[in-house]
Every structure is written in structure tokens, then in C-alpha cells.
Amino acid sequence: MASMEKAEEEWRAILSPEQFRILRKKGTELINGGTYVEFLTSRNLAMAAYAFMPPGSGKYDKFQEDGVYECAACGTPLYKSTTKFNSGCGWPAFYEGLPGAIKQTADADGRRIEITCAACGGHLGHVFKGEGFRTPTDERHCVNSISLKFKS
């Protein structure tokens, strides 16, 4: 898959501030009223818990239609709707991406594997393996809804 490199300013012009924070800065979705700055400056655990989007509140968690999920940053097709399943984790879950569309990289702590769009490098979420789901791959791609757009 061809790489799609853009300067930070170009991504800021294309993406909403929230999309930029998640896709380009590897953030996490926020709920209404929470802000990234509040989270970073808060020493209050209640505020920190409030800042992040609770499981099940993302646009595509319970969304079920036939089509393809694309990268919200560059439009590259990432997942077929037929690979989406209800894992109960509260975020959209897929058992595999389209061939060559997803790059997997171990997090620095070695506990998780980050998934990014292979074309633009946009942060999607993390993949978990060997959890016992009855899917063809026994993988769960846990993806931020804001990192995706759906096309029927």
C-alpha cells in the first residue's frame, strides 16, 4: 500500500481537532464536556475517568450495516462490515482488516499492539490476540469510532 505522508499543518486542515488528536497524536475519544487539556492537567482521578469516552458511546460500536469502514483521515478501506463483531468491549471490534490495510506495532510497554492505517499512519486503536473469541482469527481489533468512516 502506498504511503500518504502529509505535514502536520495539512492534517490539521483536513481533520477536525478531535480527529487530529486521535488519528495523528494517538489519542482516545472523549465524551461531551471532557477535554484533552483537562485530562492532562488534572490530578483528580474522577476528572480523568470523566474525560475519556465510556465504552459503548462511540458512533460505530453498535452500528450494523453492510459496507466498508474506511480511515477517517485518508479514506483507505480498512475493514469489511462482515468482519465486525460484538466483543462486548464497548468499541467497534473487527477480527481482521483488509489485506495490507492495517499496520501492527508493539507499544513501547510491550503489553499491547497498536494498529494504524498502513496508508497514512493514522492511529486506529489496538489489536488483542488469543482472547478466545469464536472468530476465524481469534483477534479483536478495538478501534476508535472517530478513526473510521462508513461507506455502504
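One can find the structure itself at the top, above this paragraph.
1. Concerning unusual backbone geometry
Point 1. Despite not being glycine, K26 shows a phi value in the positive range, around 60°.
Point 2. When you line up the elements, K26 lands in the loop between α2 (17–24) and α3 (36–41).
Point 3. For K26, a relative accessible area of 47% gives the class partly exposed.

2. Considering the pairing of strand β7 (residues 123–129)
Point 1. A large share of β7 lies buried, amounting to 5 of its 7 residues.
Point 2. Strand direction decides the pairing type here: strand β6 (residues 113–117) and β7, joined by 4 bridges, are antiparallel. Along β7, the bridge assignment pairs I115 with G125.

3. Focus on the pairing of strand β8 (residues 139–143)
Point 1. With 5 of its 5 residues buried, β8 lies for the most part within the structure.
Point 2. Of the two faces of β8, the one lined by E139, H141 and V143 and the one lined by R140 and C142 are each fully buried.
Point 3. When strand β4 (residues 93–94) meets β8, the two strands line up antiparallel, connected through 2 bridges. Bridge assignment links F94 to a residue of β8, and that residue is H141.
Point 4. Pairing analysis gives 5 bridges linking β7 to β8, with the strands arranged antiparallel. Bridge pairing in β8 links G125 to V143.

4. Section: the packing of aromatic side chains
Point 1. Scanning the entire structure with this criterion turns up 8 aromatic pairs.
Point 2. With centroids separated by 5.3 Å and ring planes inclined at 80°, the aromatic side chains of Y60 and F63 adopt a geometry described as edge-to-face.
Point 3. By relative accessible area, which is 5% here, Y60 ends up buried.
Point 4. What makes F63 partly exposed here is its relative accessible area of 22%.
Point 5. Three or more aromatic residues joined by ring pairs form one cluster here, namely Y60, F63, Y69, Y79, F94 and F150.
Point 6. Directly above the aromatic system of W11 lies the positively charged group of K6, at a separation of 5.7 Å from the ring centroid.

Thresholds, definitions, all that
- Residues numbered from 1 in each chain as written.
- Predicted model: local features only at pLDDT ≥ 70, side-chain atom pairs only at ≥ 80, totals over all residues.
- Heavy atoms only, no water.
- Helix = DSSP H or I, 4+ residues; strand = E, 2+ residues; numbered from the N terminus.
- Buried < 20%, exposed > 50% of the residue type's maximum accessible area, 1.4 Å probe, protein only.
- Pairing = 2+ DSSP bridges.
- Phe/Tyr/Trp six-rings, centres within 6.5 Å; stacked < 30°, edge-to-face > 60°.
- Lys NZ or Arg CZ within 6 Å of the ring centre and 35° of its normal.

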